[in-house]
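Coordinate inspection notes
As a plain string of letters, each chain reads:
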Amino acid sequence: MEPEEAVQQIEYVIDASSAAGGRRCAAGYRPVFDRVADHSEATVTELATELGAEIRAGERPDPAAAERVADRVVGVAADGGHVDDDD
């Protein structure tokens, strides 16, 4: 999944989950997806999945929280499955 596709998927999740405009809200995640795109394709998909799940659960991760999720996802991809998560 490319970053543009991931942002669009998050837009759809936000639109379906809240009254907030998905396009405006999802745009804040674009830099995070761009950073993760430097890693394997699966990490962009994993990040979109994790952020989408949080949004569907009623959370709205700010960009800093999305960066922490990205760090965890990229760490899992980089070290074979183990990342210490302080959250």
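Residues numbered from 1 in each chain as written. Predicted model: local features only at pLDDT ≥ 70, side-chain atom pairs only at ≥ 80, totals over all residues. Heavy atoms only, no water.

Topic: the overall build of the protein
Each helix and strand counted, the protein has five helices and zero strands in total. Ordering the α and β elements of the protein from the N terminus gives α-α-α-α-α. By residue count, 34% of the 87 residues in the protein fall in the buried class. Of the contacts formed within the protein by residues at least 6 apart in sequence, a portion of 51% connects residues at least 24 apart. Per element, the accessible surface of the protein, about 5,000 Å² overall, is 48% carbon and sulfur. (Helix = DSSP H or I, 4+ residues; strand = E, 2+ residues; numbered from the N terminus. Buried < 20%, exposed > 50% of the residue type's maximum accessible area, 1.4 Å probe, protein only. Contact = heavy atoms within 4.5 Å. Areas by Shrake-Rupley, 256 points an atom, 1.4 Å probe, with all protein chains shown as cover.)

What to know about the confidence of the model for the protein
Here the protein averages 80 in pLDDT, and 80% of its residues register 70 or above. Within the protein, helix α3 (residues 30-36) carries the highest mean pLDDT (89), whereas helix α2 (residues 22-26) carries the lowest (73). (pLDDT = per-residue confidence, 0-100.)

As for the nonpolar core
Residues I10, I14, Y29, F33, L47 and L51 are the most contacted members of the largest nonpolar core, which totals 21 residues. Contributing elements (two or more residues each) for this core: α1 (3-17), α2, α3, α4 (41-56) and α5 (63-79). Dropping the residues within four chain positions of it, L51 is found in contact with I10, Y29, F33, P61, A66 and V69. (Core = buried A, V, L, I, M, F, W, Y, C linked by side-chain atoms within 4.5 Å.)

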